[in-house]
Structure formats: structure tokens, C-alpha cells
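Per-entry structural report
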Amino acid sequence: METIIIHTETITLGQLLKYAGVVGTGAEAKQLINDGYCLLNGEVCTQRGKKCRSGDVVSVDGICELVVKAEIS
């Protein structure tokens, strides 16, 4: 499980996957999400623009598990 620190209140699922280095491009993120390989808090999420907040857990097809942590100054 990897903690991903964001400096905003929310981040979209697609942006999170790119920011964490899980995918290299937005097109790759779109494909993973549309194909149902992403779980947000244990449920399949097919919305690339879904807002992820501090405390959310994103799992990508057993490859990785990301925990979002917001640090807003």
C-alpha cells in the first residue's frame, strides 16, 4: 500500500493514476478505468473524473493499492 500525498482537497481518479506513476498517459488511465480495473474504496469505478479525497483507497487490478492523503497548507 502506497500513500499518495496531494496538495488539494480532491483529485480525479485519472489524474491520481498519472500522478502516482501507475500509468504514463491519460489515455492509459482512461482505458484502465473504462475496463473496470480500478476499485475506489472496494467498489469498481468506471468514472475517470470521480473525485478522490483524503482517506480514499484506490486499487488497480491487484497491481497496486494507493491511499490518498491531502496535505493542504
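Here's a quick rundown of the structure. Computed from a predicted model, the values in this text were never measured in an experiment. (Residues numbered from 1 in each chain as written. Predicted model: local features only at pLDDT ≥ 70, side-chain atom pairs only at ≥ 80, totals over all residues. Heavy atoms only, no water.)

1. Some thoughts on the side chain of Asp56
- If you trace the backbone, Asp56 turns up in the loop between β5 (51-53) and β6 (57-60).
- No salt bridge is formed by the buried Asp56. Its closest oppositely charged neighbour is Arg53, at 5.6 Å.
- Side-chain polar atoms of Asp56 contact the backbone nitrogen of Arg53, separated by 2.8 Å.
- Ignoring anything within four residues of it in the chain, the contact list for Asp56 reads Leu40, Asn41, Lys51, Leu66, Val67 and Val68. (Helix = DSSP H or I, 4+ residues; strand = E, 2+ residues; numbered from the N terminus. Buried < 20%, exposed > 50% of the residue type's maximum accessible area, 1.4 Å probe, protein only. Lys, Arg positive; Asp, Glu negative; His and termini not counted. Salt bridge = Lys/Arg side-chain N within 4 Å of Asp/Glu carboxyl O. Polar contact = N/O pair within 3.5 Å; in protein donor to acceptor, adjacent residues only side chain to side chain. Contact = heavy atoms within 4.5 Å.)

2. Re the nonpolar core
- In this structure, Leu13, Leu16, Leu17, Cys38, Cys52 and Val58 are the most contacted members of the largest nonpolar core, which totals 18 residues.
- For this core, the secondary structure elements donating two or more residues are β1 (2-6), α1 (13-19), α2 (26-34), β3 (38-40), β6 and β7 (64-70).
- In this structure Leu16 touches Ile4, Ile11, Cys52, Val58, Leu66 and Val68, once residues within four positions along its chain are discounted. (Core = buried A, V, L, I, M, F, W, Y, C linked by side-chain atoms within 4.5 Å.)

3. A look at the side chain of Ser59
- Tracing the sequence through the fold places Ser59 in strand β6.
- Of note is the side chain of Ser59, whose polar atom sits 3.3 Å from the side chain of Glu65.
- Ignoring any residue separated from it by four or fewer positions in sequence, one finds Ser59 in contact with Tyr37, Cys38, Leu39, Cys64 and Glu65.

These figures come from the coordinates and say nothing about function on their own.
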